[in-house]
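# Notes for the structure review
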Amino acid sequence: MANRKTPFVIGEFYHIYNRGVDKRNIFSDEQDVDRFMQSMDVFNVLEPIGSIYEKTFEDKRFGSKASKSEKLVNFIAYCLNPNHYHFILEPLVDRGIEKFMQRLGTGDTKYFNNKYKRSGALFQGKFKSIHINSNEYLLHLSAYVNLNWRVHQLGRSMSKLVKSRSSWGEYTGDERKGFCEKGIILEQFKNKADYKTFAQDSLESILERKADLKEMGRYLLE
């Protein structure tokens, strides 16, 4: 990963995304999605944890330490779709994104291959990354990521599987706690309702213009 075109700088924001090899689904049922989200949490620590199985066993004996550990990255927003994902991440330590994504990709591939009795790569090469180089870009991208499940025409079963697997609920719901660091976005609006209106309007504008936007073409995954 040392030869990446996008250098990762602590305190900056990045759009991180990838999809299944050959556009295959990477989530087939609720267990797959739950396991991936658990990985997003427990692998985001400075010190390696080993396997999720070992981590879960230790947490039951001694109490969870994940929330007390130093994180590699901040999640600003995320969404999971049947065959791809989008994250907005802020690295907190040197090579934080690389370390986190390597653990996430390796761990989920091992889990998926073991469960479905397959071998080989699960994801389409190295994860993709784009530097978010302006506040306006960050705000509009947060809307796109938070509402990404609305972009894709999914069957009822797949829509139900992933509809709630984004940070949209954190940004617009009543949750006092959450997975994401939302302040960088929400502090720019009067309240959550104001952000909700902005995000919905922004998404409509993005979808109307995406055919003409070369930049959007770099990260709109079909």
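Structure shown above.
So, a few notes on the structure that sits alongside this text. For clarity, every value in this text was computed on a predicted model and none was experimentally measured. (Residues numbered from 1 in each chain as written. Predicted model: local features only at pLDDT ≥ 70, side-chain atom pairs only at ≥ 80, totals over all residues. Heavy atoms only, no water.)

## Examining the packing of helix α1 (residues 30-42) against helix α3 (residues 96-116)
The contact between α1 and α3 brings their axes to 10 Å, and the two run at 155 degrees. Classified by the angle between their axes, α1 and α3 sit roughly antiparallel to one another. At the point where α1 passes α3, the crossing takes the right-handed sense. Counted together, Gln31, Asp32, Arg35, Phe36, Ser39 and Met40 of α1 and Phe100, Leu104, Gly107, Asp108, Tyr111, Phe112, Lys115 and Tyr116 of α3 form the full contact between these two elements. Among the residues forming the contact of α1 with α3, the class breakdown is 7 nonpolar, 3 polar and 4 charged. (Axes fitted to C-alpha atoms, helices over the stretch in contact; angles between N-to-C directions. Helix = DSSP H or I, 4+ residues; strand = E, 2+ residues; numbered from the N terminus. Parallel < 35°, antiparallel > 145°, perpendicular 65-115°, else oblique. Left-handed = near helix turned anticlockwise from the far one by under 90°. Contact = heavy atoms within 4.5 Å. Nonpolar A, V, L, I, M, F, W, Y, C, P; charged D, E, K, R; others polar.)

## Things to note about α1
Between its first and last C-alpha atoms α1 spans 18 Å; for 13 residues at 1.5 Å apiece the expected length is 18 Å, and the two agree. Within the sequence span of α1, burial applies to Asp32, Val33, Arg35, Phe36, Met37, Ser39, Met40 and Val42. Sitting at the amino-terminal end of α1 is Asp29, which places a side-chain oxygen 3.1 Å from the backbone nitrogen of Gln31. (Expected span 1.5 Å × (residues − 1). Buried < 20%, exposed > 50% of the residue type's maximum accessible area, 1.4 Å probe, protein only. Polar contact = N/O pair within 3.5 Å; in protein donor to acceptor, adjacent residues only side chain to side chain.)

## Side note on the environment of Phe13
Turning to its location among the elements, Phe13 is positioned in strand β1 (residues 13-19). Measuring from C-alpha to C-alpha, the distance between Phe13 and Glu90 comes to 4.7 Å, with 77 residues separating the pair along the chain. With residues near it in sequence (within four places) discarded, Phe13 still touches Ile76, Leu89, Glu90, Ile130, His131, Ile132, Leu138 and Ile184.

## Side note on the packing of aromatic side chains
The final tally for this structure, using the stated rule, is 18 aromatic pairs. Judged by centre distance (6.4 Å) and plane angle (90 degrees), the rings of Phe75 and Tyr78 are edge-to-face. Each of the two residues, Phe75 as well as Tyr78, counts as buried. (Phe/Tyr/Trp six-rings, centres within 6.5 Å; stacked < 30°, edge-to-face > 60°.)

## Things to note about the sheet that holds strand β2 (residues 73-81)
The pairing of strands in a sheet happens through backbone hydrogen bonds and is either parallel or antiparallel. Spatial ordering of the open sheet is given by β2-β3-β1-β4, a layout of 4 strands whose pairing is antiparallel. A single partner strand is all that each edge strand has here, and the edge strands are β2 and β4 (128-132). The average angle at which neighbouring strand axes cross in this sheet is 20 degrees, direction not considered. Here β1 runs beside β4; their pairing, made up of 5 bridges, is antiparallel. Counterpart to Phe13 in the pairing with β4 is Ile132. Set on the sheet, α3 makes contact with β1, β2 and β3 (84-91); between it and β3 the angle comes to about 150 degrees. Along the sheet, helix α4 (residues 135-146) contacts β1, β2, β3 and β4; its crossing angle with β3, the most-contacted strand, is approximately 145 degrees. (Pairing = 2+ DSSP bridges.)

## Here's the deal with the nonpolar core
Phe87, Phe100 and Met101 are the most contacted members of the largest nonpolar core, which has 29 residues in total. Breaking this core down by element, the ones donating at least two residues are β1, α1, β2, β3 and α3. Ranked by the residues each element gives to this core, the list is headed by α3, at 6 residues. Listed in part, the 28 residues of the second largest apolar core include Ile76, Ile132, Leu138 and Trp168. (Core = buried A, V, L, I, M, F, W, Y, C linked by side-chain atoms within 4.5 Å.)

## Looking at the packing of α4 against helix α8 (residues 192-209)
At their nearest, the axes of α4 and α8 sit 8 Å apart, and the two run at 85 degrees to each other. On the basis of the axis angle, α4 is roughly perpendicular to α8. Residues Leu139, His140, Ser142, Ala143, Tyr144 and Asn146 of α4 pack against Tyr195, Phe198, Ala199, Ser202, Leu203 and Ile206 of α8. Here the residues of the contact of α4 with α8 sort into 8 nonpolar, 4 polar and no charged.

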